[in-house]
Amino acid sequence: MTFLEPLTLTGRYVTLEPLSREHHDGLVDAARDGELWRLWYTSVPAPDEMAAEIGRRLDLQEQGSMLPFTTRLVDPGTGAPGRIIGMTTYMNIDAGTPRVEIGSTWNAASVQGTGTNPDSKLLLLRHAFETLGCPAVEFRTHWLNHQSREAIARLGAKQDGVLRNHSRTRDGLLRDTVVFSILEHEWPMVRAGLEYRLAKRG
């Protein structure tokens, strides 16, 4: 058994299931919801790039450095997995520490602000801290992606620093990367905050 194997995580609003090539058409529809690939500060694949992105993530899974998920809405009537709304991952996996980064995440525009993102983060963080035993979980985002930075901070993550000229965007520009983390002893408070936010939504 490896440190991190494919699994399904189900919450109040979303189900995270192992990414599959069969999810291609649903992921294309999700990306078209808001034409997310046109947001220059994100890395959402365009419809004609989706197959390659699925392949890239599955290749990284084979190498042991990523565990990719497809995000689905939970059907409120049956509790079963419903419409595909996006993708997320455990990435930069360090089995020795152990430590993971939660990233390469995007959700369809129509579900943003509906509780799907905090629910997804609660599932991933709970598994990382309570099952995998991670002493820390990391998040990274583009310096100019203010929406993402604010969302990460709302989780209760603390900013570790900024990696300047850290990597190149799709159009070849150098980007500054903001690094956040949540530590093991901070997790109970972060968990309580996420559970409160979700409970307020009913």
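You'll find the structure just up there.
Residues numbered from 1 in each chain as written. Predicted model: local features only at pLDDT ≥ 70, side-chain atom pairs only at ≥ 80, totals over all residues. Heavy atoms only, no water.

Participant: What exactly am I supposed to notice about unusual backbone geometry here?
Facilitator: Most peptide bonds are trans, and most residues other than glycine sit at a negative phi. In this structure, Pro-98 follows Thr-97 across a cis peptide bond, with omega equal to -15 degrees. You can see Pro-98 is positioned in the loop between strand S4 (81-94) and strand S5 (99-107). With phi around 50 degrees, Ser-104 is a residue other than glycine that occupies positive phi space. Summarising the element assignment, Ser-104 is placed in strand S5. (Helix = DSSP H or I, 4+ residues; strand = E, 2+ residues; numbered from the N terminus.)

Participant: In this structure, what is going on with the pairing of strand S8 (residues 174-183)? I would like to understand it.
Facilitator: Within a regular beta strand, the side chains point alternately toward one face of the sheet and then the other, so they alternate between its two faces. Burial runs high along S8: 7 of the 10 residues are buried. Looking at chain direction, strand S7 (residues 158-168) and S8 are connected through 7 bridges and run antiparallel. Bridging across to S8, Lys-158 finds its partner in Ser-181. Here S7 folds back onto S8 in antiparallel fashion, the turn holding 5 residues, of which Gly-172 has a positive phi close to 90 degrees. (Buried < 20%, exposed > 50% of the residue type's maximum accessible area, 1.4 Å probe, protein only. Pairing = 2+ DSSP bridges.)

Participant: Help me understand the nonpolar core in this model?
Facilitator: Looking at soluble globular proteins, one finds that nonpolar side chains tend to be buried together. Grouped together as the largest cluster of nonpolar side chains are 49 residues, with contacts concentrated most on Tyr-90, Trp-106, Leu-125, Val-137 and Phe-139. With 6 residues, the top contributor of residues to this core is helix H3 (residues 116-131). With sequence-adjacent residues up to four places away left out, Phe-139 is seen in contact with Glu-101, Ile-102, Lys-121, Leu-125, Ile-152, Leu-155, Ala-157, Val-178, Val-179, Phe-180 and Ile-182. (Core = buried A, V, L, I, M, F, W, Y, C linked by side-chain atoms within 4.5 Å. Contact = heavy atoms within 4.5 Å.)

Participant: Teacher, can you tell me more about helix H2 (residues 50-63) here?
Facilitator: Count 3.6 residues to each turn of an α-helix, and residues three or four apart come out pointing the same way. Between the first and last C-alpha of H2 there are 20 Å, a value that for 14 residues agrees with the 20 Å anticipated at 1.5 Å per step. Within H2, burial applies to Met-50, Glu-53, Ile-54, Gly-55, Arg-57 and Leu-58. Lining the buried residues of H2 we find helix H1 (24-32), strand S3 (66-74), S4 and S5. (Expected span 1.5 Å × (residues − 1).)

Participant: How should I be thinking about the environment of Thr-78 in this particular structure?
Facilitator: Summarising the element assignment, Thr-78 is placed in the loop between S3 and S4. Engagement of the side chain of Thr-78 in a polar contact is seen with the backbone nitrogen of Ala-80, the distance being 3.1 Å. (Polar contact = N/O pair within 3.5 Å; in protein donor to acceptor, adjacent residues only side chain to side chain.)

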